[in-house]
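One-letter residues, chain by chain:
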Amino acid sequence: MIDKWKSYTPQFLALLRIVAAIVFIQSGTLKLFSWPIGMPPGNTLVPFSQVWFAGVLEAFGGAMILVGFCVRPVAFILSGEMAIAYFQAHAPKAFWTVENGGGSAVLFCFIWLYFSAAGAGVWSLDSFRKKQ
């Protein structure tokens, strides 16, 4: 049974990539388009600001990760973005992630770092292009 379970590793890698990307994209669409829930009152997004660039990376980089296109370089860039987000916005507030609200930034940083090394896996445009 364990061998059968282990044989699904490529599919689980793809599921992790897809689900993480769906969750990640929401951060970008919130910043750029006030969707799905809308920005809090008084938080207008200034085009070409650091937060705007973060939204672009999260929405469009996340979409590239979702479909599995150029995953290694995009994931590396997104990992760096999440590290910057953590150290600029969360770490100064407190040491512990449960206190500073940076848990998702840390997790995304390391998830994207993993995909920058592992690649997109199955069910991706990257794997489809390799078969051509």
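Further up the page is the structure itself.
For clarity, every value in this text was computed on a predicted model and none was experimentally measured. (Residues numbered from 1 in each chain as written. Predicted model: local features only at pLDDT ≥ 70, side-chain atom pairs only at ≥ 80, totals over all residues. Heavy atoms only, no water.)

Student: What is the right way to look at the overall build of the protein chain in this model?
Tutor: Secondary structure assignment for the protein chain yields seven helices and zero strands. The order of α-helices and β-strands along the protein chain, N terminus first, is α-α-α-α-α-α-α. Seen along its three principal axes, the alpha-carbon backbone of the protein chain occupies a region of about 50 × 35 × 25 Å. Considering the protein chain as a whole, with its 132 residues, one finds that 31% of them fall into the buried category. Restricting to contacts in the protein chain with at least 6 residues of sequence separation, those with at least 24 account for 66%. As displayed, the protein chain offers around 8500 Å² of accessible surface, 73% of which is attributable to carbon and sulfur atoms. Where the 9 positive side-chain charges of the protein chain centre and where its 5 negative ones centre are 10 Å apart. (Helix = DSSP H or I, 4+ residues; strand = E, 2+ residues; numbered from the N terminus. Buried < 20%, exposed > 50% of the residue type's maximum accessible area, 1.4 Å probe, protein only. Contact = heavy atoms within 4.5 Å. Areas by Shrake-Rupley, 256 points an atom, 1.4 Å probe, with all protein chains shown as cover. Lys, Arg positive; Asp, Glu negative; His and termini not counted. Charge placed at Lys NZ, Arg CZ, Asp CG, Glu CD.)

Student: What is the right way to look at the packing of aromatic side chains in this model?
Tutor: What describes a pair of aromatic rings is the distance from one ring centre to the other and the angle between the planes of the rings. According to the stated counting rule, one finds 11 aromatic pairs in the structure shown. When the centroid spacing of 5.3 Å and the interplanar angle of 80 degrees are considered together, the rings of F24 and W112 count as edge-to-face. Residue F24 is found in helix α2 (residues 9-33), and its partner W112 is found in helix α6 (residues 103-118); the two are separated by 88 residues along the sequence. Of the two residues, F24 and W112, both sit in the buried class. (Phe/Tyr/Trp six-rings, centres within 6.5 Å; stacked < 30°, edge-to-face > 60°.)

Student: How should I be thinking about α2 in this particular structure?
Tutor: Working note: α-helix, 3.6 residues per turn, so residues spaced by three or four point in the same direction. Given a rise of 1.5 Å per residue, 25 residues ought to cover 36 Å, and the 35 Å separating the end C-alpha atoms of α2 matches this to within 8%. Within α2, burial applies to L13, A14, R17, A20, A21, F24, I25, G28, T29 and L32. A positive backbone phi angle near 55 degrees is found at S34, which sits one or two residues after α2. (Expected span 1.5 Å × (residues − 1).)

Student: Please explain helix α3 (residues 50-67) as it appears in this structure.
Tutor: For α3, with 18 residues, the first-to-last C-alpha span of 25 Å sits near the 26 Å given by 1.5 Å per residue. Among the residues of α3, those classed as buried are A54, G55, E58, A59, G61, G62 and I65. The inward-facing, buried residues of α3 contact α2, α4 (71-90) and α6. Positive phi shows up at G68, right after α3, with a value of about 80 degrees.

Student: I keep staring at the nonpolar core and nothing clicks. Help me out?
Tutor: What tends to happen in soluble globular proteins is that the nonpolar side chains get buried as a cluster. Residues I65, M82 and W112 are the most contacted members of the largest nonpolar core, which totals 17 residues. Listing elements by their share of this core, those giving two or more residues are α2, α4 and α6. (Core = buried A, V, L, I, M, F, W, Y, C linked by side-chain atoms within 4.5 Å.)

Student: Sorry if this is basic, but what is going on with the packing of α3 against α4 here?
Tutor: Where α3 meets α4, the closest approach of the two axes is 10 Å, and the angle between their N-to-C directions is 145 degrees. The chirality of how α3 crosses α4 is left-handed. Between α3 and α4, the residues in contact are Q50, A54, L57, E58, G61, G62, M64 and I65 and V71, V74, A75, I77, L78, E81, M82, I84 and Q88, respectively. (Axes fitted to C-alpha atoms, helices over the stretch in contact; angles between N-to-C directions. Left-handed = near helix turned anticlockwise from the far one by under 90°.)

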